[in-house]
Every structure is written in structure tokens, then in C-alpha cells.
Amino acid sequence: MDALGDIRVIELATGVAGPIVGMFFSDFGADVVKVELPGGDPERGAPGFPMWNRGKRGVVVDPASPGDLAWLREQIRGADIVITRGGDELAAFGFDGIALVEEQPCLVLLELPTYLAGHCPWAGGIESAALLGAYGGQFARQSSVSGEPVESVYQTLLYAHGLWASVCAVSALVEREASGFGQRVIVSGINALQQLTMISLVVDPNADDPDTAVGGAGRHPTYSRLVAGDGKWFTSGALGPRFEALFMEAIGLGTIADDARLGGQLANMLAPENIGWVQKAVDEAVRKQPRQHWLDRLDALGIPAGPIDSRDAWLDHPQVAAMGMRVELEDPDRGPVVMPGIPINLTATPGAVRGPAPAHGEHDGRIEPWDSSTTGGPHARPAVRPGPLSGFRIVNSGPFLASPYAGCLLSALGADVIKVEPVLGDPFRKAAFGANRGMRSLAIDLKNPDSIQAFYKLIANADAFIDGFRPGVTRELGIDYERLTAINPGLVTMSLSAFGETGPLGGRGGVDMVLQGMAGMMAAEGGDGEPIVNTISVCDISTASVSALTICLALFHRLRTGEGQRSWDTLLGTATYLQSAEIIRFEGRAPAATGGADYRGSCPHNRMYRASDGWIRIAAPPGDGAARIAAALGLSEQALIEGDAAAAIGGAVAGLERGAAARLFNAAGVPAAAVRKVTEVLRDPRLGEAGFAHVYPSDAGGYISTPGRMASFSRTEMRSVLKPPGIGEHSVRILEDAGVEPDAIAHLLATGGIAVGGPMPQVLPHAYR
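The rules behind the values
- Residues numbered from 1 in each chain as written.
- Predicted model: local features only at pLDDT ≥ 70, side-chain atom pairs only at ≥ 80, totals over all residues.
- Heavy atoms only, no water.
- Helix = DSSP H or I, 4+ residues; strand = E, 2+ residues; numbered from the N terminus.
- Core = buried A, V, L, I, M, F, W, Y, C linked by side-chain atoms within 4.5 Å.
- Buried < 20%, exposed > 50% of the residue type's maximum accessible area, 1.4 Å probe, protein only.
- Contact = heavy atoms within 4.5 Å.
- Pairing = 2+ DSSP bridges.
- Axes fitted to C-alpha atoms, helices over the stretch in contact; angles between N-to-C directions.

Peer 1: Before we go on, may I ask you to explain unusual backbone geometry in this structure?
Peer 2: Leave glycine aside and you will find that most residues have negative phi; peptide bonds, for their part, are mostly trans. If you check the backbone angles, F400 has positive phi at about 65 degrees while not being a glycine. Inspection of the secondary structure puts F400 in the loop between β13 (393-396) and α15 (402-412). Even without being a glycine, D598 presents a positive backbone phi close to 50 degrees.

Peer 1: Help me out: how do you make sense of the nonpolar core in this one?
Peer 2: Among the nonpolar cores identified, the biggest contains 173 residues, and L4, F25, F247, M248 and L410 are the most heavily contacted of them. The element that contributes the greatest number of residues to this core is helix α8 (residues 156-179), accounting for 14 residues. The residues contacting F25, other than those within four sequence positions of it, are L4, I7, V9, A30, V32, I81, A169, V170 and L173. Counting residues in each nonpolar core, the second largest holds 25 residues, with L446, Y456, L477 and L491 among its members.

Peer 1: What am I meant to see in the sheet that holds strand β7 (residues 223-227) here?
Peer 2: Strand-to-strand pairing in sheets goes through backbone hydrogen bonds, with the strands running parallel or antiparallel. The strand order across the open sheet built from three strands is β7-β8-β9, with neighbouring strands paired in antiparallel fashion. Strands at the two margins of the open sheet, each flanked by one partner only, are β7 and β9 (305-307). Averaged over all adjacent pairs, the angle separating strand axes in this sheet is 20 degrees, with direction ignored. Summarising the sheet, β7 and strand β8 (residues 233-237) pair through five bridges and their orientation is antiparallel. Residue pairing across strands places Y223 opposite G237, the latter belonging to β8. The sheet strands contacting helix α12 (residues 272-286) are β7 and β8, and the helix crosses β7 at an angle near 45 degrees.

Peer 1: Honestly, the pairing of strand β16 (residues 464-467) in this entry has me stumped. Any pointers?
Peer 2: In the case of a regular strand, side chains alternate between the two sheet surfaces. Neither face of β16 is open: one carries A464 and I466, the other F465 and D467, and all of them are buried. As judged from the three bridges shared by β13 and β16, these two strands associate in the parallel manner. Each residue of the ladder has a partner; that of V395, found in β16, is F465. Direction of pairing for β16 relative to strand β17 (residues 492-497): parallel, over a ladder of four bridges. Bridging from a neighbouring strand, I466 pairs with M494 of β17.

Peer 1: Got a minute to help me understand helix α9 (residues 189-196) in this structure?
Peer 2: For an α-helix the count is 3.6 residues per turn, leaving residues at separations of three or four pointing the same way. Here α9 lies mainly inside the structure; eight of its eight residues are buried. Residues G189, I190, N191, A192, L193, Q194, Q195 and L196 constitute the buried set of α9.

Structure follows, in C-alpha cells:
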């Protein structure tokens, strides 16, 4: 059985993010019809197109043809979901979003505007990870050598946009099962940026932006990339007090915390004034031994670590194959293609790559209109809820970043998420301040026999359980799938690990830093130079979205069948998905871009330039880009083609302010945006009106800003300010609601089986990335 087996999707969206949503729906059994204009999707020539559009049927609809439009309107009447980039794309086919939902109360209309609904600050409203990253603060926050903005060689923001929009779309389907009504769901490019760059956005909005001139290794000396004595690079995942201390001891710096500058607290190595000298001491210590020595030593201590490898070799890694993340198929336009598989594993309703991307117009005249009688409007009054997942209870036992952030995302969609943590708390809860928002805390000793019985009562009334432990730990604790479903047969369980349970690396621990290195992401960002650490925890944060999507798919299936199931995902699967256009293989594909120290962009017409008051990013269209740039700056087109184009453009831009330069470029049809810092983004009036940030007082004085509304639901909007809970802040209430007797709760308190605490101090930690 397929999780989305009877769901019917019309995909009007072009580009990357919208088709990725259609890909996930197709992978889990939905019938996805890709509708293109006569000229085709502009991304048809892109390397990632065969993956993002796999398993779909394709038709061409000409807006000038009444017959084509009549067919499309009839097809939409039978659809469950319509995917579009927004107003202009809908208008091209004669539709209005609000009217469409009013006419079809059961329809879920998913819109993915490039920037904000109804507004894009650059010419043409093109979908661009580079312009979004520049204008949204991502590039200015990336660690660098110079302290200037740095661009990524990956279009990660677009991958994040499609993934997060998929979560929101399936959550709307989950809600529709209960209410009978669809709704309009808007997930903008800004929402994708909020979701992906969460750590960078949890700041004191009135403080200065952090100095990024800390080098390509980032700002955490023990959670970083390092070069050994034999010149080979590796990553250390020593994060959190225990692992950080173990790492320092292992490399011979066990007494470094005694240095007066650290004041006896190793955590103070993250203070801006200490990062440089601590990093230098670590680098010198590590260079005393070859790489394999350190990999063996760290492995013996249980510290995740791994070699930094090539991106081009990642699809050939035996663990990638063991996790089903390598897929081969025959594409109609490219021949044999090797691409990443599906990063989600549902045991009762597994996904499958159902075929190649369709050729342009491949199914014209071959698709019968769907039966619209099954999607007719309901007669009851539509429910209004605080989030599409309102009413669902999810127990989340994962530590560190990826699992807690999955809980945060599900909380943002309205679920009641309970953070289960040790009585002393998740060791990374302070550093991961933003990731723990929105959950309630139950601090409990799961090794205590009395505590585990209380935990079982909680599970009896839960809808889903997430664990982020290494494989085998849940069985040791007695909270594995078999044990929990004996208590609650309809339970959905979701296990998140680094590498999964099988294969040559099965069962090993791993973290974002390790996967960035092993999957080739660091090497690609560094190009011919040193590997570069992405300041965004791209694997952890995106795996949180993958986990949220996994839960939503399994809940949807359970609502329809009453059947729970075991599910799982991996950081490895996410690291593979996040390189879909870069590692896909077929004959004749152009090499994927690589970066370098303080990378500015791929070519003179598509990069960042320094203006008199900062930086600007341009993305000239192919073909006549040189002519448009020349017109904008009053330059000779011939000089841009035959001479040093970057020097000529840079010289002209250097004398202009960012805003003036952007206006000149955009007026000439060259999409352009200022490169802004996070503090500038937080002061953008349009983003303020859109609920981009929530701001509230800090317990240390000043204020804390966190991401605000990360998606818009026309009927089930969730507007609460999400804050992280204190350790055990809700322990008693949670167990009372689960039916644990008062005497039993008192006994657990007396014996240390649970802990009770007050609210978490709302104080920001030092940034660790």
C-alpha cells in the first residue's frame, strides 16, 4: 500500500522547489500530473530535472487554447492538491488562488512564491537560491577568512523550500482527513530561509552581527574539520560538554580549560575572543599524528568522526547503496541516469521511484479527467484549528539538534510535542536553544523501572514517537517499536540515525559535521583549496524536515487505515538528497560547480560584487546577460565579452551604493539584490508585516528574536510564540494527563525517576556555528 496512493496532484510549478514537492508525492504513490507551457519548464535542461520530476505524467497546456484550459479546469476539479509558485503562475492559466479554494472546498492549494506572496525584490521574480541567500542574510553569516559574505556552491535553500513545503502540504492533508476541508497553504522562499537558517536567526536583534572572520573551519574548535600530520583532512563531531572534554583529552589538551582565558569552563572556547587561540592549539596538536590515528582514537571514545571525501564518489559509497539512496533508471532525454533515492523509509507504506521524468508533452491526450465526484465540497462548517496538526501528540526523545528541531517544526504545525530528556537535561539543549522551541519537557530516567512504566502510559495515548538514538539503544531501554506497539498498536515510530542500521557503517554514530565531510560537501565548497564548513547545519536541519515529513506521511496513512508503522531516516539520506543536482550522473552532464575560500559566485555575470556600502548579488539571465549588464552600468558590451568582465563590473559597482546598484540592474532586467546582514533582515518592514520574527524579552536583558510564522495556512494558522522549555518544566502535568496516579508521580519525584524544574532561562548562548 502507498502512503499517498489515491492522492491526485496537479503540478503547475516550474523550477526546483515546486517539482521537488511533486517528486515526494510521486515517490509515495500519488498520481502527479506535471503541466507545462508550450515552451516547457525552464529547468528542463538542469542536471537535477530528471530527479525532481521522476515518476510524474507530463502534459502541455497552451493558455491560448480553450480546449486545453477546459481540460485543465476539469482536471483540477478532480485534484486533491494543486502545486504552484503563486499568483502569476496561476493567472497564466486563468486561475485565482482564493477563488479556486472557495470553489473547491476540499482542495489543498499549495503556493511556493519565490520570496514573499505578492512580492519579490529582484527582476522577474526568478527562483534563485543565490539571491535569496544574499538578501536573506545567509551569505553574510557564513564563516569566512575575510569576514566578507561567502556564497555556497549548493542551491540548498531551494532544496529546503521543496522539502519544507512538502511537510506543510502533507500536514494539510492530515487535517483534511479530520475536517473534510482543504485550504490554501503558502510556503514562501522566505519561509524556507527561516526554516534552514534557524540557528543564525535566533539572536539578540539589537546586538551587532557576529564577526565571521574565523576561517573556513567555523567557530567551534572541537566540532570542525581538521588536517592531520599526513596532510589528510577529517572531521570531528565532538559536540556537547562530554565529547568536547574527551576530544581535548585525546589530543593532549586535557587541561586547556585551566587557562585563565577560559575560566575553568571549556564552553568558553566559543567566546569570540577565545576561538582563534583555541583553534590554533587544536590544529597544532592534531598535526602530530596521521589521520587514521585520530579516526581510530575518536571512534574508540565514541566521538563521531570521518574522512573528508570527494563529492563525485559519494553515490558509489557502499553505505549509500545499503540505505537505498542510489537509484538507476532510463530517462527519455538523457539515457541512463544515476540519482539519489528516497531519504524516507516507511515500513508499511514504503516509497518507490516509479519511473523517469516525463518527456515534454509525453502524455498529451492520454490522461483521462479525474472523477470529481470524490472531491466535491463538504456540507459542514470548516473547522478552525491552531495548526494543521492540532490534536496530535508526539513524544520526542531525540537529543542534540536534528531530532529536537523535528519536534519544533511539528510544534509549529500545531502538534503537542513532548520532549523526553534525561533528568539532567539534554546536554545540548542550551546550545540548541532555537531547536527546542515549542515543546513541553518531561525529564525522566528511562533506566529506572518505575519511570519506564510511567513512560509506557504516556505512549499509550500518543500518536507518534521519535527517537534520535544510535541504533540499538531503544531496545536496550525497552522503548523499541515492538515494545511500544504492544502498548499502542496504532503508534507511529520514527528513528533518526546517522547511517541507519545495516551496511558497512550501520549502527555508527554521526553528526552534521561528519556527514558534510564524508558526503563531499566540504570538499566541494572548498574547491581546490581547504575544505569549507557550511555555517548552516544543513544535514541536521534538513533531516529535521525529513523527519517531520516522515511523521506526517505515516499519520496520514494511519488516519485512513488505523495502522501505525515503524519509520526511519538518516543523516546520510539527507546529505545525499541535498546534492541532488550536483551528484546526479548521466552522459554529457556538465561538471557541478565547486567553490573556494570566500567564494563569490560562478562567473562574472552571476556573482557578488562589492559596492560602496556593502555587497550586491547579480544573476544575469543567459543569452543577453552581458548586454543587460552593460546597459545597467553604461559599459561596453564588447568589453564584458572579450575583456576582464569581473574587473569591469566590479569597478563600476564599487562607486555605487547597494540600493542604487540593485535598482540599475533590476531596471535593465538583471535580477539583483543587496547582500544583507541578519540584523538588516530583521528590520525589513515587509518581513515584519509577514511575521518573519518573534521578538520577546531576554532574561539577561535585551531581547531575543526567533523565527516567526514559517508557513501560512488559510484556515489552520498557528501564531504562537515558540519558546524552549525548562528541564522537566511540564513533567508532572504530562504524567497526570497520561493517567499516572499522584502517588506514583510523588514516588518518582522522591526517587529521582523524574525531575521537575521551572521555565528555561531565556538567555542566548554563544553561537557554536
